[in-house]
Amino acid sequence: MKNRNRGKVSLKWIVILCIFSFALGALFSNRIWDLPESEDQIMPISRRPGNLAAISDDCATDKDKEELIGEFSKAHEAIESLDSSIAKLRMELPSTKNSRKIGNFENFSTIPMHPGSTETRKMTFMVIGINTAFSSRKRRDSVRETWMPRGKSLLQLEQEKGIVVRFMIGHSATSNSILDRAIDSEDSQHKDFLRLEHIEGYHELSAKTKAFFSTAVKKWDAEFYVKVDDDVHVNLGTLAATLARHRSRPRIYIGCMKSGPVIYQKNVKYHEPQYWKFGEEGNKYFRHATGQIYAISKDLAKYISTNLPILHKFANEDVSLGAWFIGLEVEHIDDHNMCCGTPPQCEWKAQAGNVCVASFDWSCSGICKSVERIKDVHAKCGEDAATLWNALF
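Below: a short report on this structure. (Residues numbered from 1 in each chain as written. Predicted model: local features only at pLDDT ≥ 70, side-chain atom pairs only at ≥ 80, totals over all residues. Heavy atoms only, no water.)

1. Thoughts on the pairing of strand β5 (residues 163-171)
Okay, step 1: Burial of β5 is extensive: eight of the nine residues sit out of reach of the surface.
Okay, step 2: The sheet contact formed by β5 and strand β6 (residues 193-199) spans four bridges and is parallel. Residue Met168 lies in a different strand from β6, and its bridge partner there is Leu194.
Okay, step 3: Once you follow β5 into helix α8 (residues 178-190) and on to β6, the crossover reads as right-handed. (Buried < 20%, exposed > 50% of the residue type's maximum accessible area, 1.4 Å probe, protein only. Helix = DSSP H or I, 4+ residues; strand = E, 2+ residues; numbered from the N terminus. Pairing = 2+ DSSP bridges. Right-handed = clockwise from strand over helix to strand, strands pointing away.)

Written out as structure tokens, the structure is:
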């Protein structure tokens, strides 16, 4: 019993140790915690705004304070300088609203066609080639009088909107013929032609299509390239807005997609001599855009230009274009606003606020008697003039 008692601490010392521990705990608690008036809320001193100064006094010397204040002053001055620079830039740059419009291409730099080449291509949004023939002077004039800007307005359209519009035509089989001289004279007057290295002929439309895309790609660095016939009515602002919705996608092929029968009978319009390549008689073509109007993105136009010599030509140019994209990762977009009928169809759509991109008569593969009727189509189905100049991306 005596030996056991030696290993025990006496009750007196236990009481003293408890009192000492309590006092020590109270001392440290008062230094770390600030007890608020409310009994149900305890907040560390470091989180109370009123005690920040006290902590700062404990943790930093006067010299440290001065250095810290100096750093804050420098940072504040830098922020003020940055704000001033941003405000100045905002005054120099166009407003956000204007920047959303199909941009101002007037000051865009040109880019070289090839490394080390002195020839350049102008950056633009879209290039529109209007397919025309030597005998179609009246059609061209009717287009100029309706949906195609002329003179200074045509140049303004290129500079401010990046929209290039040209009648595309090749040459006659005879060098410097009267036909070529007539086009040269017309071009000197209107300055709205794109001459192609191509011999004109109805059965050479596939070759002309290749020549157009190849020539346009070499001359302009556009986001889209559009082919349209000279007997089709087009709303340029609506076309631009439609294409702009697809500008972030690669390899775009847009138009009114169709899949008509392969015409194997001879002496019939649209006869396909190579009909046997499409399988049994009575088969249909693969899906392709109708030839009155279609658009392709930059990468597809470059593909045509690069592979010009080896792209096969079928009898119909719209079929040929569709064939060139078979086997490629191409997105076909079927947009029936690009193939509206003439009034009353396009007129009803315009009145409903759904203006057509293009209008023509399917029965004539264009506007029937377009020279006489295109003004009426334009009056009833044309977009408001402001739509073109205020078109948004």
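2. Description of the layout of surface pockets
Okay, step 1: Approximately 1100 Å³ is the volume attributed to the largest pocket.
Okay, step 2: Taken together, 37 residues form the lining of the largest pocket, with Tyr202, Leu205, Asp229, Tyr270 and Ser365 sitting closest to its centre.
Okay, step 3: Counting residues per element, the ones that place at least two in the lining of the largest pocket are α9 (205-219), β7 (220-229), β10 (288-297) and α12 (317-324).
Okay, step 4: Grouping the constituent residues of the lining of the largest pocket by class yields 12 nonpolar, 14 polar and 11 charged. (1 Å grid on protein atoms, 1.4 Å probe; cavity = no way out; pocket = protein on both sides within 12 Å on 5 of 7 lines; lining within 4 Å. Points joined across faces, edges and corners; volume = space filled by probe spheres on them. Nonpolar A, V, L, I, M, F, W, Y, C, P; charged D, E, K, R; others polar.)

3. Some thoughts on the packing of aromatic side chains
Okay, step 1: Counted according to the given criterion, the structure contains five aromatic pairs.
Okay, step 2: Here Tyr253 and Phe325 contribute two aromatic rings whose centre-to-centre distance is 5.1 Å and whose plane-to-plane angle is 75°, an arrangement assigned as edge-to-face. Placement of Tyr253 in strand β9 (residues 252-258) and of Phe325 in the loop between α12 and β11 (331-334) is noted, with a sequence separation of 72 residues between them.
Okay, step 3: Residue class for Tyr253 comes out buried when judged on its relative accessible area of 0%.
Okay, step 4: Its relative accessible area of 2% is what places Phe325 among the buried residues.
Okay, step 5: Considering the side-chain rings of Phe360 and Trp362, the 5.1 Å spacing of their centres and the 65° angle between planes classify their relative orientation as edge-to-face.
Okay, step 6: We classify Phe360 as buried; its relative accessible area is 0%. (Phe/Tyr/Trp six-rings, centres within 6.5 Å; stacked < 30°, edge-to-face > 60°.)

4. What about unusual backbone geometry?
Keep in mind that most residues, glycine aside, have a negative phi and that most peptide bonds are trans.
Okay, step 1: Note the cis peptide between Pro343 and Pro344, where omega equals 15°.
Okay, step 2: Structurally, Pro344 can be placed in the loop between β11 and α13 (345-351).
Okay, step 3: Of note in this structure, Asn176 is not a glycine but carries a positive phi near 55°.
Okay, step 4: Among the structural elements, Asn176 can be located in the loop between β5 and α8.
Okay, step 5: In this structure, Ser365 is a non-glycine residue whose phi angle is positive, near 55°.
Okay, step 6: Following the sequence through the fold, Ser365 ends up in the loop between β12 (358-359) and α14 (370-381).
Okay, step 7: Classification of Ser365 as partly exposed rests on a relative accessible area of 22%.

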